[in-house]
Amino acid sequence: MLELARRYQDFPGLPRLTPSLATDYFERVALKAEGAALPVWRGDLYLETHRGTFTNKGRLKKLNRRAEFLYRLAELLASWAWLHTGDYPDDLLETGWKKLLTTQFHDSLPGTHVHEAYMELLAEFEQIFDIGAQVMETAVSHLFTPHMNSAPTAFSLFNPFGHTRGGVEKLPLDLPEVLTLTDLNGTIIPTQHVNDLDGTPMTLAALPPVGATAFYPLRLAEKLRLAKKGKDEKQTPLKVGPDWLENEFLVVHFNQLGEIISMFDKRAGRQVFASGERGNHFQMYEDIPGKYDAWDIVTNYRQREISLGANGQITVEETGPLRVSLRLERTFGASKLIQRISLRQNDPLLYFETFVDWQERQKLLKVGFPLDVHALDATFDVAFGNLQRPTHRNTSYESARFEVPAHLWVDVAETGYGAALLNDCKYGHEVVESMLRLTLLKGSISPDPTADMEEHFFTYALYPHAGNWREAQVIQRALNLNEPLAVFAGERPFPRQPLLQYDVENVTLEAVKRTEDGDGLIIRLVERYNQRTTAVLQFAHPVQAAWVCNLMEEIEAALVPADSQLQVTLKPYEILTLKVKIDPQSV
């Protein structure tokens, strides 16, 4: 590259080339742009020939998603511990964040690299998670009273988001069958012992509302003792049959391939899918895009569908009391797929926990949901916002965008009704008319001949809802799917009040961290509904001073706090960064 730059500096017929630093280049561009009438492009600046990068190397995509949520939580807890005289691990967090951001570099997270680079990236992620866990452990040990026994008798749940959550939640607890959970008043918390598809023991718990950035204490108790007191678990409306599931919201029927042949929304009184269509419909395609094998998806891939056969079996797996599920087992080619399809008590989502042992080469695996809605556009979750894309293919621009990126969710709705597809680690999506599809796996052979040939675990969920995605609180449900409540062993922590709460649902809490100068907290909020908003922030302690900052934490304007409250205004889709100093005498 350097040799080419030298040769092109004064090459006949070409513009004169001058090597320079990036900062010098952007300064020259800024100088030329000052006062100029520059064209503006709204919406996607779509990059063709890179459609496969949304899906390639699925394991890296999942590790990246998990790490992003881990470091957000680690910073929040470390900040809280620092407010209570704990040390703030600046160096550890900086090291971890730099490693994580490096894995997002060109050709790394996109999966367009050789096998040796893949192994190095996996090793980097091990260090990233070790650092995050170390930050969490240090913060939690400062916030909690240590339990003296080897087996804890009390736990605290923590909600890291800016919205209240509750209902049936999956907790990383391996409770013996003879034990259950209660609140501090002795009221039983209904539980169900379950295992994830990878064998990890978990506990489902029917929880009361847990406030934003709040701890909720729990204690262990014997089921038999509580039953004798008349506090045993109540009956639930969950039902399951050989090929169907039902709860308060949905009745869903399946065929032996795990495809949904009927999904009736009881609240809306309507079918979710178009007549005669099948949901959770897996399709595999030949995918040979040429020299950009890992980068792209061939334009006419739909014309090259490969039959998955009719080899499938569905059986009842769980019968309640908090979750009912069916187990699907399918084989196709050299690969194997296992799904747990489930409904939870008082939850409108249909969950698909999925395991795939993927051994296909130059193949593409998608799953589709043919919704019975009329929509000219769909809404896609992107970083710090969302955008609408057309569901039709009227122009060459629209036709080229047959595979598009999204983060946590995609929603398709007509006036009054729609459905969202949520996921915990997938990014490639497709919406044509009312067909909503998620790209699950890709089997590229260049530059890594073994790309994705391994076991994959991921979850997606279908959420039929009344109204639009705002009214259905799709953002909040997608966040809950991606980040379970954190569980810590020990008695109730020092902070008795939530760190931060606010009174609007269109604003998400994206970051809480200590300032780089060590003189306060950074609070980063994002407006998500394209709505001008005034929010009142309620802190656990009185606010001494507050400022609006830019992302470099440079002060732009002063704010006037009122004791422990701070009023802020956000423009549509604004990323608002605040610097806040908490009164040290109140902590």
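For clarity, every value in this text was computed on a predicted model and none was experimentally measured.

Student: Tell me about the nonpolar core, and name the residues and values.
Tutor: Considering soluble globular proteins, one finds that nonpolar side chains tend to be buried as a cluster. Membership of the largest hydrophobic core comes to 56 residues, with the highest contact counts inside it found for L77, I523, L525 and L578. Among the elements that make up this core, the one with the highest residue count is helix α3 (residues 58-83) (13 residues). Apart from residues no more than four positions distant in its own chain, L578 is found in contact with L521, I522, I523, L525, L537, W547, V548, L559, L566 and V568. By size, the runner-up hydrophobic cluster in this structure holds 49 residues, among which are L250, V252, F254 and M263.

Student: Give me the lowdown on the sheet that holds strand β18 (residues 350-357), citing residues and values where you can.
Tutor: Taken in spatial order, the nine strands make up an open sheet running β15-β16-β17-β18-β27-β24-β23-β20-β21, and their pairing is antiparallel. The sheet is open, and its two edges are formed by β15 (312-319) and β21 (385-390), each paired on a single side. Between one strand and the next, the sheet's axes are offset by a mean angle of 20°, whatever the strand orientation. As paired elements, strand β20 (residues 377-382) and strand β23 (residues 409-414) share three bridges and run antiparallel to each other. For A378, the partnering residue across the bridge sits in β23 and is V412.

Student: Would you mind going over the packing of α3 against helix α5 (residues 115-143) in detail, with residue names and values included?
Tutor: One way to put it is that α3 packs onto α5 with a least axis distance of 9 Å and a crossing angle of 25°. Comparing the axis directions of α3 and α5 gives the class roughly parallel. When the axes of α3 and α5 are compared, the crossing they make is left-handed. Of the residues in the contact of α3 with α5, the class split is 23 nonpolar, three polar and two charged.

Student: Tell me about the side chain of S342, residues and numbers included.
Tutor: Positionally, S342 belongs in strand β17 (residues 335-344). Taking the relative accessible area as the measure of exposure, S342 reaches 1% and is therefore buried. Setting aside anything within four residues of it in sequence, one finds S342 in contact with L245, R323, V324, S325, L349, L350, Y351 and E353.

Student: Explain a nonpolar patch on the surface to me, using residue names and the numbers behind them.
Tutor: Together, L4, Y8, F11, L14 and L17 make up a nonpolar patch on the protein surface, roughly 430 Å² of accessible area in all. The topology assignment puts L4 in helix α1 (residues 2-8). Judged by relative accessible area, L4 falls into the partly exposed class, the value being 42%.

Cut-offs and rules
- Residues numbered from 1 in each chain as written.
- Predicted model: local features only at pLDDT ≥ 70, side-chain atom pairs only at ≥ 80, totals over all residues.
- Heavy atoms only, no water.
- Core = buried A, V, L, I, M, F, W, Y, C linked by side-chain atoms within 4.5 Å.
- Buried < 20%, exposed > 50% of the residue type's maximum accessible area, 1.4 Å probe, protein only.
- Helix = DSSP H or I, 4+ residues; strand = E, 2+ residues; numbered from the N terminus.
- Contact = heavy atoms within 4.5 Å.
- Pairing = 2+ DSSP bridges.
- Axes fitted to C-alpha atoms, helices over the stretch in contact; angles between N-to-C directions.
- Parallel < 35°, antiparallel > 145°, perpendicular 65-115°, else oblique.
- Left-handed = near helix turned anticlockwise from the far one by under 90°.
- Nonpolar A, V, L, I, M, F, W, Y, C, P; charged D, E, K, R; others polar.
- Patch = residues over 30% accessible without salt bridge, like charges linked within 9 Å, V, L, I, M, F, W, Y side chains within 5 Å.
- Areas by Shrake-Rupley, 256 points an atom, 1.4 Å probe, with all protein chains shown as cover.
- Salt bridge = Lys/Arg side-chain N within 4 Å of Asp/Glu carboxyl O.

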